[in-house]
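This is what each chain is made of:
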Amino acid sequence: MENLREHLLIGCGNPLLDIVASVDKDLLERYNLKPNDAILAKDEHMHLYKDLDEKYNADYMAGGSVQNTLRVCQWILGKPKVATFFGCVGKDDYAKILEKKATQDGLNVRYQYTNEAPTGTCAVLITGTHRSLCAHLAAANHFTIDHLQKPDSRQLLESADYFYISGFFLTVSPPSIIEIARHAHKRKRTFMMNLSAPFVSQYYKEQLMAAMVYVDILFGNEEEVETFAREHSWHAKDRKEIGQKLLTLPKENSERERIVIITQGHYPVLLFQGNNIKEFPVEQLSREQLVDTNGAGDAFVGGFLAQYIKKKSLDVCVRCGIWAASQIIQRSGCTFEGKPSFQE
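Keep in mind that this is a model prediction, so the values were computed, not measured.

Caption draft 1: Fine view of the overall build of the protein. The number of helices and strands found in the protein is 13 helices and 14 strands. Seen along its three principal axes, the alpha-carbon backbone of the protein occupies a region of about 55 × 50 × 40 Å. Taken across its 344 residues, the protein has 57% of its residues classed as buried. For the protein, the proportion of contacts with a sequence separation of at least 24, taken over those separated by at least 6, is 74%. If you sum the accessible surface of the protein, you get close to 15,000 Å²; carbon and sulfur atoms cover 46% of it.

Caption draft 2: Focus on the environment of Val172. Along the chain, the position of Val172 falls in the loop between strand S9 (162-166) and helix H7 (174-187). When its relative accessible area of 13% is taken as the criterion, Val172 is described as buried. When the C-alpha atoms of Val172 and Asn36 are compared, they prove to be 23 Å apart, with 136 residues separating the residues in sequence. In contact with Val172, other than residues within four places in its own chain, are Asn14, Leu137, Ala140, Asn141 and Phe143.

Caption draft 3: Structural context of empty space enclosed by the protein. Tallied over the full model, the rule gives 1 cavity of 30 Å³ or more. Across the lining of the largest cavity, the residue classes tally to 4 nonpolar, 2 polar and 6 charged.

Caption draft 4: Structural detail: the sheet that holds strand S8 (residues 130-136). Reading across from one edge, S3-S8-S7-S2-S4 is the order of the 5 strands in this open sheet, with mixed pairing throughout. At either end of the open sheet lies a strand with only one pairing partner, and these are strand S3 (37-40) and strand S4 (59-63). In this sheet, neighbouring strand axes are inclined to one another by 25 degrees on average, regardless of whether the strands run parallel or antiparallel. The sheet contact formed by strand S2 (residues 16-22) and S4 spans 5 bridges and is antiparallel. If you follow Val20 over to S4, its bridge partner there is Asp59. Against the sheet, helix H3 (residues 65-77) contacts S2 and S4, and its axis sits at roughly 80 degrees relative to S4.

Caption draft 5: Summary view of the layout of surface pockets. Counted as a void, the second largest pocket has a volume near 450 Å³. Forming the boundary of the second largest pocket are 20 residues, of which Asp37, Ile39, Phe199, Gln202 and Tyr203 lie nearest the centre. Looking at the lining of the second largest pocket, the elements that each hand over two or more residues are S3, S8, helix H8 (198-203) and helix H10 (222-231). Here the residues of the lining of the second largest pocket sort into 9 nonpolar, 5 polar and 6 charged.

Caption draft 6: Region of interest: the UniProt feature "active site" (unreviewed entry) in the protein. The feature "active site" (unreviewed entry), as annotated in UniProt, sits at Asp298 in this numbering. Assignment of secondary structure puts Asp298 in helix H12 (residues 296-308). Those residues in contact with Asp298 that lie beyond four places of it in its chain are Ser65, Asn68 and Thr69.

Caption draft 7: Quick peek at the pattern of salt bridges. Counted by the stated rule, this structure contains 17 salt bridges. Put simply, Arg5 and Asp161 hold a salt bridge, and the shortest N to O gap is 3.3 Å. Of this pair, Arg5 sits in the segment before strand S1 (9-12) while Asp161 is found in the loop between helix H6 (151-159) and S9, placing the two residues 156 residues apart along the sequence. Assessed through its relative accessible area of 31%, Arg5 is described here as partly exposed. Lys55 serves as the salt-bridge partner of Asp51, at 3.4 Å between the closest nitrogen and oxygen. You can see Asp51 and its partner Lys55 sitting in helix H2 (residues 48-55), 4 residues apart, about one turn around the helix. Take Lys55: its relative accessible area is 56%, and that puts it in the exposed class.

Caption draft 8: Spotlight on the sheet that holds S9. Here we have 9 strands laid out as an open sheet, ordered S6-S5-S1-S9-S10-S11-S12-S13-S14, and mixed in their pairing. Of all the strands in the sheet, just strand S6 (108-114) and strand S14 (276-280) have a single pairing partner and so form its edges. Between one strand and the next, the sheet's axes are offset by a mean angle of 20 degrees, whatever the strand orientation. Taken together, the 5 bridges between strand S12 (residues 259-264) and strand S13 (residues 267-273) define a ladder with antiparallel strand orientation. Opposite Ile261, over in S13, you have Leu271 as the bridge partner. Against the sheet, H3 contacts S1, strand S5 (83-90), S6 and S9, and its axis sits at roughly 145 degrees relative to S5. Here H12 sits on the sheet in contact with S1, S9, strand S10 (190-194), strand S11 (217-221), S12 and S13, set at roughly 155 degrees to S11.

Caption draft 9: Region of interest: the side chain of Ser326. Note that Ser326 resides in helix H13 (residues 314-328). Leaving out residues up to four positions away in the same chain, Ser326 has contacts with Glu283 and Leu285.

Caption draft 10: Fine view of the packing of H10 against helix H11 (residues 239-247). For the pair H10 and H11, the least separation of the axes is 10 Å and the interaxial angle reads 65 degrees. One way to sum up the angle between H10 and H11 is to call them roughly perpendicular. Between H10 and H11 the crossing geometry is left-handed. Where H10 abuts H11, its residues Glu222, Val225, Glu226, Phe228 and Ala229 lie against Arg239, Ile242 and Leu246. By residue class, the composition of the contact of H10 with H11 is 5 nonpolar, no polar and 3 charged.

Analysis parameters
- Residues numbered from 1 in each chain as written.
- Predicted model: local features only at pLDDT ≥ 70, side-chain atom pairs only at ≥ 80, totals over all residues.
- Heavy atoms only, no water.
- Helix = DSSP H or I, 4+ residues; strand = E, 2+ residues; numbered from the N terminus.
- Buried < 20%, exposed > 50% of the residue type's maximum accessible area, 1.4 Å probe, protein only.
- Contact = heavy atoms within 4.5 Å.
- Areas by Shrake-Rupley, 256 points an atom, 1.4 Å probe, with all protein chains shown as cover.
- 1 Å grid on protein atoms, 1.4 Å probe; cavity = no way out; pocket = protein on both sides within 12 Å on 5 of 7 lines; lining within 4 Å.
- Points joined across faces, edges and corners; volume = space filled by probe spheres on them.
- Nonpolar A, V, L, I, M, F, W, Y, C, P; charged D, E, K, R; others polar.
- Pairing = 2+ DSSP bridges.
- Axes fitted to C-alpha atoms, helices over the stretch in contact; angles between N-to-C directions.
- UniProt positions renumbered as here; feature names shortened; annotations may be inferred.
- Salt bridge = Lys/Arg side-chain N within 4 Å of Asp/Glu carboxyl O.
- Parallel < 35°, antiparallel > 145°, perpendicular 65-115°, else oblique.
- Left-handed = near helix turned anticlockwise from the far one by under 90°.

This is how it looks when you write it as C-alpha cells:
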C-alpha cells in the first residue's frame, strides 16, 4: 500500500440515509421536482418520504455526497481508515445503519450526535436514466465547529494531508469549512471542493467564494459550472472558457496553482491545469447497462482521490474517476462489490 496510512484524507459533509425508488413523472410533478436535479427539501416535500416508503418499494442505502465519495475511495484503496468522515446524525436507528455501512466499507466515521433532529434522509427518485435528489438534512444541519475542535478531532486534522468538502456543506457550517480550509493552507496541505449542485452557486455564493480562495482542486459537472458562470455574469462561450476562468479566481496560496475538473456526463471529462486543457473520453454504456446515475459524480471524485492521495499522475487520477463512475452507474445506489479492477 504505497504512500498509504490511516487518517490521510478527511472529508466533511452531510451523512444521509438514501431512500431510493423508481418513480413515475407524476410523482415528480406532484412534488414540483425536476428529473435531473438536487435540492433541499421544503415543507411541500415532507410527505414525499412517507410516499416512497409506502407506495414505491424503496431501498435504504448509506448516502450523503462526501460519505459516498469516501466509501468509493476506500473500496478502491482496499486499506481501512485511510479516509475519515465528519458529519452530524441523530441518536436513532438510521444513524446506526449509516455508521455500520460506512464502517464496513472501511471508512473511519467520526459523527457528531444531536438530540435536536433525526438522522437526515435523501429521496433519490429514479425515472429511467435520470435521478432527482431531495435532501431533508435534519440532523446533518446541526454540525458545529466545536466538534472539529475536540482534542481527538484536532489530532485527526493534524494527521491528514488531504481535505475534501462538498458545496452542500456550505448550507450547514461555513465556519467549519473555513476552519479546515485555513488549517490546510497554513500546513500547505491540499484542500479540495465540489460545487455539488446549481443551487449552491445561486443561493450560497458568498459562502462559496469565501472558501474558494483556499481551493486547490475544484470539481463540478456541466450544469454546476454553467450556473456558477451565470451567477458571476461571465459571458463565456463554452465550458472550456469557464474552466479557465475558474482557474484564475483569487487564491490564497499562489505557489500552488489551482486544478479544475469538469465532468460532462457521457461527454469527455475536462482537466484544467495552468494553460493546459486535457480531455478524457468516457466509456459509453448501453441503455441496458445504465441502472442509476445517482452516484456517478461522487464515485468519480472517489476514484480520483484514491489515486491522488497515492501521488499518481493527474491522468491516472482522472481515468480512475471515470472507471469508478462507470462501475457505480451499473448498480442501484452508490454501491459496489468485489475487488476493484482498475488498471493504470
